[in-house]
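Commentary on secondary and tertiary structure
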Amino acid sequence: MHAVASREESITVRRLDLEVGEETPTYWFDDNQYLTALLNGLAITFPPGERFFIRSVKHFMAGIDDPKLTERVRAFTGQEAMHTKEHLTFNRFLDGRGFPAKAMEDFVTRRIGKIQSESTPAANLARTAALEHFTAILATALLEHPEILDRMDPAVAKLWAWHAIEEIEHRSVAFDVYKEAVDDEELRLRMMRVTTIIFLLANIVRTHILIKASPRPFDARRALGAVKTLFGRRGLLRKIGPRYLAYYRKDFHPSELEADELLDRAKAEYLQEVA
Ligand SMILES: [Fe+2]
Ligand SMILES: [Fe+2]
């Protein structure tokens, strides 16, 4: 029923060297302040979030003796470290446009630090696996809609496409480390429930803060356009529900998200000159 990905997983660490500057529009997503705020809010969390993922996974590496898994973790941390680097550049671009990206990023860093220090390593790894499922299904949704990526500024679209491709490539790594080192089913599902609530609420709050920080007045046409882009008949989030719920199945594995063709197409389109 649930086909496993047909191709051997390959995780490639690539440099991007993001090019954002004066010519990049402030409302880089379709000149729409709402869509731009939503993705800016998500982008702000990446540097602290991805450092947390790396720490959470690395904690268990001493006890892993499968050389293949060790190699995959190395590639995973390489990719996440690159994402952090490029998203720091992007977040400083947001500061330059008058958005409080640095303050929000620092807040997320402190929150994550507190959660991490008050939780067990197993719970932190379960949170990482849950958030990696979120990023994988969101990345898949994005790459399935090249017509939506086309509405972004090309340099920023490339950042999101590159990040999405690599999130899909390494989607099973944190999960497999969890299965190998912890494998507590009740904890895995509980942490997904907790993480879902925090993830949704925090994204709503961040989007709200960033819309408030924008000098543009309320615009009903663009607000409706944002709702359609996300939830419309051909919207970005249409297929998210069942893919999210799959995580709660006992036999779930992230590789069941079929992505070979999607990755091939996206790599050809966006990663031509990325080393
Ligand atoms: Fe990432
Ligand atoms: Fe990731």
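Residues numbered from 1 in each chain as written. Chains lettered and ligands numbered in written order. Predicted model: local features only at pLDDT ≥ 70, side-chain atom pairs only at ≥ 80, totals over all residues.

Right, let's talk about the nonpolar core for a bit. One finds Trp160, Ala161 and Ala164 to be the most contacted residues of the largest nonpolar core, which totals 41 residues. Examining the composition of this core, we find that nine residues originate from one element, helix α6 (residues 154–169), more than from any other. Beyond its immediate stretch of four places on either side in the chain, Trp160 contacts Leu142, Leu149 and Met152. (Core = buried A, V, L, I, M, F, W, Y, C linked by C-beta atoms within 7 Å. Buried ≥ 20, exposed ≤ 12 C-beta atoms within 10 Å, placed from the backbone. Helix = DSSP H or I, 4+ residues; strand = E, 2+ residues; numbered from the N terminus. Contact = placed C-beta atoms within 7 Å.)

What follows is about helix α8 (residues 185–213). The end-to-end C-alpha distance of α8 is 42 Å, a good match for the 42 Å that 29 residues give at a rise of 1.5 Å each. Those residues of α8 not exposed but buried are Arg188, Met191, Met192, Arg206, Thr207 and Leu210. As for α8, its buried residues are in contact with α1 (33–58), α3 (101–118), α4 (121–143) and α7 (173–181). (Expected span 1.5 Å × (residues − 1).)

The subject of this paragraph is the packing of α1 against α8. The relative placement of two packed helices comes down to the angle between their axes together with the axis-to-axis distance. α8 packs onto α1 with a crossing angle of 125 degrees between their chain directions and a minimal axis gap of 8 Å. Considering the angle they form, α1 stands oblique to α8. In the packing of α1 onto α8, the handedness of the crossing is right-handed. Contacts between α1 and α8 involve Gln33, Tyr34, Ala37, Leu38, Asn40, Gly41, Leu42 and Ile44 from the former and Asn203, Arg206, Thr207, Leu210 and Ile211 from the latter. Along the lines of polarity and charge, the residues of the contact of α1 with α8 split into seven nonpolar, five polar and one charged. (Axes fitted to C-alpha atoms, helices over the stretch in contact; angles between N-to-C directions. Parallel < 35°, antiparallel > 145°, perpendicular 65-115°, else oblique. Left-handed = near helix turned anticlockwise from the far one by under 90°. Nonpolar A, V, L, I, M, F, W, Y, C, P; charged D, E, K, R; others polar.)

This part is about the packing of α4 against α6. Two numbers describe how α4 lies on α6: the axes approach to 8 Å, and their chain directions differ by 130 degrees. Between α4 and α6, the angle is such that the two are oblique. Between α4 and α6 lies a crossing of left-handed hand. In contact with Thr135, Ala136, Ala139, Thr140, Leu142 and Leu143 of α4, α6 contributes Trp160, Ala161, Ala164, Glu167 and Ile168. Across the contact of α4 with α6, the residue classes break down as eight nonpolar, two polar and one charged.

Bringing α6 into the picture now. Helical periodicity: at 3.6 residues per turn, an α-helix aligns residues three or four positions apart in one direction. Given a rise of 1.5 Å per residue, 16 residues ought to cover 22 Å, and the 22 Å separating the end C-alpha atoms of α6 matches this to within 8%. Among the 16 residues in α6, 14 count as buried, and that is most of the element.

Looking now at the environment of Leu236. The topology assignment puts Leu236 in the loop between α9 (220–231) and α10 (240–245). Given 19 C-beta atoms within a 10 Å radius, Leu236 is considered partly exposed. Along the backbone, Leu236 and Thr140 are 96 residues apart, and their C-alpha atoms lie at a distance of 9.6 Å. Among all residues touching Leu236, those that are not within four sequence positions of it are Ala141, Leu142, His145, Ile148, Thr229 and Leu230.

For the protein, the average pLDDT comes to 95, and 97% of its residues sit at 70 or higher. Across residues 1–5 the pLDDT falls below 50, and counting only partners more than four positions away or on other chains, this stretch makes nine contacts in the model. (pLDDT = per-residue confidence, 0-100.)

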